[in-house]
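# Per-entry structural report
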Amino acid sequence: MEFAVSYVDRRIEQRPKSGEAPFALNEVFFSRTDDRGIIRAGNYVFKRVSDYSWDELLGAPHKVIRHPDMPRGVFHLFWETIKQGKIMGAYVKNQSKDGLHYWVYAVVVPCGDGYLSARIKPTSKVFSEIQRDYAELLKAEQEYGLEPEDSAANLMEILKTKGFKTYEEFALHSLCEELLAREAGLGNSKCLKVDHLRKMLADASTLVEETEGLVQDFEAMNTIPHNLRVIASRIEPSGGPVTVLSQNYGAMSREMSDWFSAHVMGKDSNFAALQDSVQNSLFVECMVRILTECNDQLQNERRQLKDIDMKAEREILADLVTSQTKDAQAGMQQVDTEADRILRACQVMHRHFLGLSSTRVLCKIESARLPESGETLSDIIDQLGNFQERISQRLERIANLSTEIRTVEAQ
C-alpha cells in the first residue's frame, strides 16, 4: 500500500500529454541491474518518471525505457566500457511508457555481479551540444546503415574535434559541468574539492606534456657528445677539457634518458597512470556526490516499493560509496608518491646540469685558442648550452608542476 502524496508530489506527478516527463533538477533516481541489464531494483523517482509499474520494471531489460532517438553507437561504447569494470558517464534520452521523453546524465558503476546507475537532470551547455551531436550520429546510422561500432567510432571523431583524446575525458568533463550547472540552478555553493581536483587534473595533463617534451629534448641532445668526441680526437690529447666535456654530457644524457625510459615511458611505470589516477579520483568524487544524494533521498522514501528491500538497497549504496572513496584515496596517494618522486629526480638532474656549466665554460675558452677547429667547437658548445638551458627550464617547470599537484592534493 502506498502512502498519501503531498501537494508537491501531486504537482510533479501531473504528467503532460506530450513532450517531457516531469523530472526535477533536485531529484536523483537510480536503478540496479544484473550483468545483462535486467532491472533488479530502483527508487520511486525512477518508477514515477518512467511511468511503468514495478511489475513491469522489475525483471525487465533496462532497454525498456530506451528512446528511439538514441544512437546505437552510444550504447555500444557504453557497454564496451562497463564490461571492462570501468565507471561510465553518458547523456541518455529515455522514453516513458506513456510516450513522454526525459534526458538524464547517467553515471554507471560496477556493483556486485551487475551495475548501478544514478541519474541527474542535465542542464549544462555541454548538454545542448551533445543533443546536436546525437542527432548527427542517428542520422548517419539511419542513412548509411552503420553498425554500432562504426557509429561509436564516429562519436569519438566528433569528441576529438572538441579536444577530447578519449571518451573518459569527455565523460569526466561533462559530469563536472553538469554538477556545476546543477548546483548553480539549485542555488547551492560550488564544491571546492571538485574545483581542486580539476586544477590538479590540468596540472597533471601539463606535467605529462612537459615530460614528453623533455624526452624529446634528450633524444635531440644525444648526437652532441658524439660530435664533441670526434673534434676532441683531432685537437687535443686524451683527457683534455673537450674530451671530459663530451664524456660528462654523454654520461648525463644516458643517465637521464635511462631514468625517464624506466620510470616515465617504461611499461611498468606508475607515472603513466598519474593522470589517470587524478581523472579517476575526480570522477569518483563527482559520482559519490550523486550516490550520496541518492542515498539521502532513499532515507526519506515513504512509499511501498513492491518487493524491493530498500534497507538492503541503502546498504548497497553506502557500501558502494565507501569502496569507491577508498579506491580514489588510494589513487591520490599514488599521485602524491609519483609527484614527489618526479620532483626529487628533477632537482637532482637540475643540480647535475648546473655542475656541467663550468666544464662548458672551460671548453668555450679552449675553443678560442684553436683557430682551425675553434669555430666548429664553439658552435657545438653553444648548441649544447642552448639544449642545457632548455632542459633546465623544462626540469624546473616539471618540478613546479609536481609541487603544485602535491599542494592541491593536500587541500
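Numbers given to residues run from 1 along each chain, matching the order in which its sequence is written. A pLDDT threshold of at least 70 governs which residues receive local features in this predicted model, and a stricter bar of 80 or more applies before side-chain atom pairs are shown or counted, although totals over entire chains, interfaces and linings include all residues. Side-chain descriptors were evaluated using all non-hydrogen atoms of the structure, hydrogens and water having been removed beforehand.

## Some details on the overall build of the chain
In plain terms, the rule: Secondary structure follows DSSP: runs of H or I at least 4 residues long count as helices, runs of E at least 2 residues long count as strands, and numbering of each begins at the N terminus. Think of it in three bands: with a 1.4 Å probe and only protein chains considered, a residue is buried below 20% of the maximum accessible area for its type, exposed above 50%, and partly exposed in between. The criterion used for residue contact is that any of the two residues' heavy atoms lie within 4.5 Å. Using a 1.4 Å probe, accessible areas were evaluated by the Shrake-Rupley method; residue-level cover was limited to the displayed protein chains.
Assigned secondary structure in the chain consists of 13 helices and 5 strands. For the chain, the residues scored as buried account for 50% of the 411 residues in total. Within the chain, contacts between residues separated by at least 24 positions form 71% of all contacts whose residues are at least 6 apart in sequence. When the accessible surface of the chain is summed, it comes to about 20000 Å², and 49% of that surface belongs to carbon and sulfur atoms.

## As for the pairing of strand E4 (residues 101-111)
A regular strand carries its side chains on alternate faces of the sheet. Short version of the rule: By this definition, two strands are paired if DSSP reports at least two bridges between them.
The element E4 is extensively covered by neighbouring structure, given that 9 of its 11 residues are classed as buried. Where strand E3 (residues 88-95) and E4 come together, 8 bridges link them in antiparallel fashion. Looking at E4, one finds that Ala90 is bridged to Ala106. Two successive antiparallel strands, E3 and E4, enclose a turn made up of 5 residues, where Gly99 displays a positive phi of approximately 95°. As paired elements, E4 and strand E5 (residues 114-120) share 7 bridges and run antiparallel to each other. Across the sheet, the residue bridging to Tyr105 is Ile120, located in E5.

## Digging into helix H7 (residues 167-186)
Short version of the rule: To estimate the expected span of a helix, subtract one from its residue number and multiply by 1.5 Å.
Over its 20 residues, H7 runs 28 Å from end to end, which matches the ideal 28 Å to within 8%, given 1.5 Å per residue. For H7, the set of buried residues is Tyr167, Phe170, Ala171, Leu172, Ser174, Leu175, Cys176, Glu178, Leu179, Arg182 and Glu183. Positive backbone phi, at 75°, marks Gly187, one or two positions downstream of H7.

## Points about the nonpolar core
Note that soluble globular proteins tend to have their nonpolar side chains buried in a common cluster. Condition: Put simply, a nonpolar core is a bunch of buried Ala, Val, Leu, Ile, Met, Phe, Trp, Tyr and Cys residues held in one set by side-chain atoms that sit within 4.5 Å of each other.
Among the nonpolar cores identified, the biggest contains 119 residues, and Tyr91, Tyr167 and Leu228 are the most heavily contacted of them. Top contributing element to this core by residue count: helix H12 (residues 310-368), with 16 residues. Beyond its immediate chain neighbours, meaning those up to four positions away, Tyr167 contacts Leu77, Met88, Gly89, Ala90, Leu155, Met156 and Leu159.

## Things to note about the sheet that holds strand E2 (residues 39-42)
As a reminder, the rule being used: Axis definition: a line fit to C-alpha positions, over the contact stretch in the case of helices; interaxial angles, taken between N-to-C directions, run 0 to 180 degrees.
Strand order in the open sheet made by the 5 strands is E2-E1-E5-E4-E3, with antiparallel pairing throughout. The open sheet has two edge strands with one neighbour each: E2 and E3. Neighbour-to-neighbour, the strand axes of this sheet turn through a mean angle of 30°, independent of strand direction. Strands in contact with helix H4 (residues 72-82) are E3, E4 and E5; relative to E3, the strand with the most contacts, it is inclined by about 140°.

## Here's the deal with the confidence of the model for the chain
Low-pLDDT stretches of the model should not have their predicted coordinates read in fine detail. For the record, the criterion: The predictor attaches a confidence to each residue, and that confidence, scored 0 to 100, is pLDDT.
Mean pLDDT over the chain: 85, with 90% of residues reaching 70 or higher. Across residues 1-8, where pLDDT falls below 50, the model places 10 contacts with residues more than four positions away in sequence or in other chains.

## Quick notes on the pattern of salt bridges
Where charged atoms of side chains with opposite charge meet at close range, the side chains can pair. What counts here: The salt bridge definition used is simple: a Lys or Arg side-chain nitrogen within 4 Å of an Asp or Glu carboxyl oxygen.
Following the criterion strictly, the structure yields 27 salt bridges and no others. The closest approach of N and O atoms between Arg289 and Glu183, which form a salt bridge, is 2.9 Å. Within this pair, whereas Arg289 is found in helix H11 (residues 274-299), its partner Glu183 is found in helix H7, the two being separated by 106 residues in sequence. Asp340 is the salt-bridge partner of Arg344, the closest N and O atoms lying 3.0 Å from each other. Taken together, the positions of Arg344 and Asp340, both in helix H12 and 4 residues apart, correspond to about one turn of that helix. Overall, Arg344 belongs to the exposed group, its relative accessible area being 53%. A residue is classified by how much of its surface remains accessible, and Asp340, at 19% relative accessible area, is buried. Members of the salt-bridge network, linked through shared partners, are Glu210, Asp217, Arg390, Arg394 and Arg397.

## Some details on the pairing of strand E1 (residues 29-34)
With 6 of 6 residues buried, E1 lies mostly within the body of the structure. Of the two faces of E1, the one carrying Phe29, Ser31 and Thr33 and the one carrying Phe30, Arg32 and Asp34 are both buried. Where E1 lies against E5, 6 bridges are found, and the strand directions are antiparallel. The partner of Arg32 across the bridge, within E5, is Leu116. Hairpin connection of E1 to E2: 4 residues between the antiparallel strands, including Gly37 at a positive phi of 90°.

## A look at the side chain of Ser31
Counted only if it meets this: Pairs of N or O atoms within 3.5 Å make up the polar contacts considered here, provided that, within protein, one atom can donate a hydrogen while the other can accept it, and that residues adjacent in sequence are counted only when both atoms are side-chain atoms.
Tracing the chain through its elements places Ser31 in strand E1. Given the relative accessible area of 1%, Ser31 is considered buried. In this structure the side chain of Ser31 is engaged in a polar contact, spanning 2.8 Å, whose partner is the side chain of His62.

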